[in-house]
Number of protein chains: 2
Amino acid sequence: MIESTDPPSVIEELVDLSRVAETIQSQLDSFQARHERAGLVLPQDVLQGLRQFNAKLITLRESVTTIEVERRSLRVFAEIGHVVNSSLDLPTVLNEVIDTIIQLTGAQRVFLMLRNARDEMEIYVARNWERESLRPGEYEISRTIVNQVVQHGEAVLTTNAQEDPRFDSMQSVVAYSLRSILCVPLKAKDDLIGVIYADNRIREGIFTESDRFLLSAFANQAAVALENAQLFNDMSMSYDQTLEALVAALDARERETQEHTRRVVLYSMTLARKMGLSEDELIEIRRGALMHDIGKIGVPDAILQKPGPLTEEEWVLMRRHPEEGIRILQGIMFFEGAVDIIGSHHEHYNGNGYPRGLKGEQIPLYARIFSAVDALDAITSDRPYRKAQPFKVAYQEILRCRGTQFDPKVVDAFMTIDEQEWRALRAITLPRERGREPTMEAGGKRGETTR
Amino acid sequence: MIESTDPPSVIEELVDLSRVAETIQSQLDSFQARHERAGLVLPQDVLQGLRQFNAKLITLRESVTTIEVERRSLRVFAEIGHVVNSSLDLPTVLNEVIDTIIQLTGAQRVFLMLRNARDEMEIYVARNWERESLRPGEYEISRTIVNQVVQHGEAVLTTNAQEDPRFDSMQSVVAYSLRSILCVPLKAKDDLIGVIYADNRIREGIFTESDRFLLSAFANQAAVALENAQLFNDMSMSYDQTLEALVAALDARERETQEHTRRVVLYSMTLARKMGLSEDELIEIRRGALMHDIGKIGVPDAILQKPGPLTEEEWVLMRRHPEEGIRILQGIMFFEGAVDIIGSHHEHYNGNGYPRGLKGEQIPLYARIFSAVDALDAITSDRPYRKAQPFKVAYQEILRCRGTQFDPKVVDAFMTIDEQEWRALRAITLPRERGREPTMEAGGKRGETTR
């Protein structure tokens, strides 16, 4: 918060002046009374002037109060304006906008409406003065006033909608007993992207011209913040979609189904959340899981698609993929944490993994988490050389490798997750294969479950 | 701009009041003078009260002026504050910040300093009151004051640095004859990311407490805008780097050198710029060129890496790559324009191309531009079945196919670009192969230059 430096209270000084003027007047009154018998009369201008004086002081007090109220509002605005821009996350921005407006104007209800794909104004946020979200049943607003703002692109302020002649024929205004309405456009560059609608159904005249100015200024900022957030969300979404699309296309080279990567993304985030990792860490795990096999871009088809076991020479090439993955994505800020998974997801807790033979806690935590769910998906999916096996087999196998292939802490967390939860996640990622659950008859030899 | 609604001029009313008070006083003075001989004396309080009155009105005028100046500044701030957030482009944001500060405070010089990688405050923008950028020689500022703000995280304001006892021992203040200095921190969340430093070397006392408040509020907004811009730039850069890294890795499957894609990106943007396309269109072309062969993810190694000509069956598979590329990236907003290149870069102007046999203007403009530079790079690069050929051969070949393979308008624009320009672009993209220019002895048969 910014420290406030208040100038001397002008209102108090004006009250003081009124008191002095009254003293002078009463003294002159009694002076005149005392000397009236002597025929002495004070000049008419003096007494008239003093009366004028007192009247003017009262008007002045009102004017100064108006200025002061606006100045104080503007200071609040200056202090909190940046809050609106403090996030590129759209829902956060929208809520900040509304709560700040309620704070500044004392509105009872505020609606933020944005133009939707069908070119209609749609309510995105609706809040009341108790900072609660309104239910759709409480959404009655004057659409006529909204339309007027949308058409003309200018703010509408009415201090008493029921008496204002402009709104005579507007049924909604009468029907909902609305009183004070303030509606301003949200403009990004020259486009009207929405409106902010504030109203108060009980007291009259709560919105002032100063509120209108303030809300318009605020709407300008909010519109820019919304546009920035939108731009950021669009790019972020495109980025995610691009990675998913490319990884799915790459997956298709190696596997019959393209869903392996999407499944291990969900599985690893579930297990990491169970282990108490933060949302920021989950994002890094998500990226790492998504890109874990990216290094296989460079592995020849002949090895990747070989139906039988690999020769030792082929294994040498295959085992390069974690380091190749790091080589491809290293130095890209977005994957700073993710490379932990890409480079170390084939390390084993006992040091028997590859490429570096890391042991125990030398293996990054993300990779220790990931390798367990990678095994889960490998065991419960068809492979060229064996059928998918049931989840129960996966639990047995992962428990069997507790402390050898897998981190005991990771396995312990894994065991607390119900089979049903894994099944549910698998179903999300398999819309086109629903029902193709792993069957009980599956067999296959033990050993390397993943490549 | 927001319409301004000025309250009644309080200053004028105060001036009016002073006039009325003076009239009353002079009338009472002459009244007293007239009646003095009769021993009549007005109460002492009355005349004293009136004198007080006039003094108070003058003080009041000063206080009201202070409030009014602040109110007006805050209104300007409210109106232009959103400008700071109107762009996610960092240099634009920085310039807007500075120009607005100069406008609001009347500073002579304003510096925006940001913490660099070595943890020092580095000057990023330096502007004077004539909206010109300062030369490094004009960069003398009080580092002591900057350090003080950095250490304590609070604004420093001095209206006369030479007389202020706090700055007695600060050599720089004396050396540069600095007068009025205002320095405020730029804070993003709890981190101090920089400072804004404003000063004025000639007049004393130009910065007020109100300026300090204003600049602090402004700095809060600016810090958030800077952080948002940084976040956006980071993501945008990561996105570009990721696409480039993945495309380079995919390129490596097909070609000896991995630079083909990076070259056609530069070539196609150069040709498109020559043809007068907008910056936004150039961005779409850049993305399309970068991803043009993404559909080859699905083409088997055996075809992609075949040293000799393809069989008819192999061609069928190869010719699927434009549609496969569209299938992978379709629906991703980022590639909305780019898919024009991905899907149609093997169409020929006369309708003899693939996959759809589009003719003339049916082929998207971006694709018509791209196919010319794709041919240029194919001809001037080594192929498994022939050596790279000189640029002169590429010009001849592209001109020969004007109206058959290529759009005549595109070829005409291509011909206006000097060979040296292509060579220079090729050199940019070939840091590891510098000097390996295409040689004159190259031959090879005519026909399909690209797959």
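Structure shown above.
Residues numbered from 1 in each chain as written. Chains lettered and ligands numbered in written order. Predicted model: local features only at pLDDT ≥ 70, side-chain atom pairs only at ≥ 80, totals over all residues. Heavy atoms only, no water.

### What to know about the overall build of chain A
- Looking only at helices and strands, chain A features 16 helices and 5 strands.
- For chain A, with 451 residues in total, the buried portion stands at 56%.
- A separation of at least 24 residues holds for 66% of the contacts in chain A among residues at least 6 apart in sequence.
- Of the roughly 20,500 Å² of accessible surface on chain A, a fraction of 49% belongs to carbon and sulfur atoms. (Helix = DSSP H or I, 4+ residues; strand = E, 2+ residues; numbered from the N terminus. Buried < 20%, exposed > 50% of the residue type's maximum accessible area, 1.4 Å probe, protein only. Contact = heavy atoms within 4.5 Å. Areas by Shrake-Rupley, 256 points an atom, 1.4 Å probe, with all protein chains shown as cover.)

### Focus on the pairing of strand β4 (residues 180-188) of chain A
Residues and elements named next belong to chain A.
- The element β4 is largely enclosed, with a buried count of 8 among its 9 residues.
- Bridge analysis of strand β3 (residues 156-158) against β4 gives 3 bridges, and the strand direction is antiparallel. Bridging from a neighbouring strand, T158 pairs with I181 of β4.
- In terms of strand pairing, β4 meets strand β5 (residues 191-200) through 9 bridges, oriented antiparallel. The residue bridging L182 from the neighbouring strand is A198, located in β5.
- Following β4, the chain reverses through 2 residues before pairing antiparallel with β5; K189 in that reversal takes a positive phi of roughly 55°. (Pairing = 2+ DSSP bridges.)

### A look at the layout of surface pockets
- Roughly 800 Å³ of internal volume is contained in the largest pocket.
- Those elements that place two or more of their residues in the lining of the largest pocket are α6 (209-254) and α8 (279-290) of chain A together with α6 (209-254) of chain B.
- The element contributing the most residues to the lining of the largest pocket is α6 of chain B, with 6 residues. (1 Å grid on protein atoms, 1.4 Å probe; cavity = no way out; pocket = protein on both sides within 12 Å on 5 of 7 lines; lining within 4 Å. Points joined across faces, edges and corners; volume = space filled by probe spheres on them.)

### A short note on the side chain of D301 of chain A
- For D301 of chain A, the position within the fold is in helix α9 (residues 301-304).
- For D301 of chain A, a relative accessible area of 8% gives the class buried.
- What D301 of chain A contacts, discounting residues up to four positions off in sequence, is R253 and K306 of chain A together with R253, P300 and D301 of chain B.

### Section: the sheet that holds strand β2 (residues 121-128) of chain B
Residues and elements named next belong to chain B.
- Taken in spatial order, the 5 strands line up as β2-β1-β5-β4-β3 in an open sheet, and their pairing is antiparallel. If you trace the sheet from one side to the other, it starts and ends with β2 and β3 (156-158), each paired once. Between one strand axis and the next, the sheet turns through 15° on average, direction left out of account.
- Sheet analysis places strand β1 (residues 109-115) next to β2, joined by 7 bridges and oriented antiparallel. When the bridges of β2 are listed, R109 appears paired with N128.
- In the packing of α6 onto the sheet, contacts are made with β1, β3, β4 (180-188) and β5 (191-200), and the angle to β4 comes to roughly 35°. (Axes fitted to C-alpha atoms, helices over the stretch in contact; angles between N-to-C directions.)

### Some details on the relation of the copies chain B and chain A
- Structural alignment of chain B on chain A gives an RMSD of 0.2 Å, achieved by rotating through 180° and translating 0.0 Å along the axis. Both copies are brought into coincidence by an operation consistent with a two-fold rotation axis. Relative to the rotation axis, the closest C-alpha in chain B is found at R71 of chain B, a distance of 2.6 Å. (Least-squares fit on C-alpha atoms with pLDDT ≥ 70 in both.)

### Re helix α11 (residues 321-329) of chain B
- Taken together, the buried positions of α11 of chain B are H321, P322, G325, I328 and L329 of chain B. One side of α11 of chain B holds all its buried residues, which, seen down the axis, span an arc of 120°.
- Among the structural elements, α6 of chain A together with α10 (312-318) and α12 (339-344) of chain B are those in contact with the buried residues of α11 of chain B.
- Immediately beyond the C-terminal end of α11 of chain B, within one or two residues, lies G331 of chain B, with a positive phi of roughly 90°. (Arc of directions from axis to C-beta.)

### Points about the pattern of salt bridges
- If you walk through the whole model with that rule in mind, you get 55 salt bridges over all chains.
- One salt bridge in this structure joins K56 of chain A and D16 of chain B, with 2.5 Å as the shortest N-O distance. With K56 of chain A in helix α2 (residues 44-84) and D16 of chain B in helix α1 (residues 10-35), this pair bridges two chains.
- The salt bridge partner of E70 of chain A is R71 of chain B, with a shortest N-O separation of 3.0 Å. Highlighted residues: E70 of chain A in helix α2 and R71 of chain B in helix α2 (residues 44-84), drawn from two different chains. We note that E70 of chain A, like R71 of chain B, is buried.
- The network of salt bridges with shared partners includes E68, R71, R72 and R75 of chain A together with E70 of chain B. (Salt bridge = Lys/Arg side-chain N within 4 Å of Asp/Glu carboxyl O.)

### Brief notes about the interface of chain B and chain A
- Chain B puts 84 residues into the contact, and the matching count from chain A is 84 residues.
- Interface area for chain B against chain A, summed over the two sides, is near 7,900 Å², with a carbon-plus-sulfur share of 74%.
- Area buried by chain B at its contact with chain A is led by F53, F213 and M235 of chain B, which between them contribute 9% of it.
- The interface formed by chain B and chain A contains 8 salt bridges.
- Counting across the interface, chain B meets chain A through 13 residue pairs in polar contact (both at pLDDT 80 or more).
- Counting only elements with at least two residues in the side of chain B that touches chain A, the list comes to α1, α2, α6 and α11 of chain B.
- Its residues placed into classes, the side of chain B that touches chain A shows 48 nonpolar, 21 polar and 15 charged. (Buried area = accessible area lost by both parts, 1.4 Å probe. Polar contact = N/O pair within 3.5 Å; in protein donor to acceptor, adjacent residues only side chain to side chain. Nonpolar A, V, L, I, M, F, W, Y, C, P; charged D, E, K, R; others polar.)

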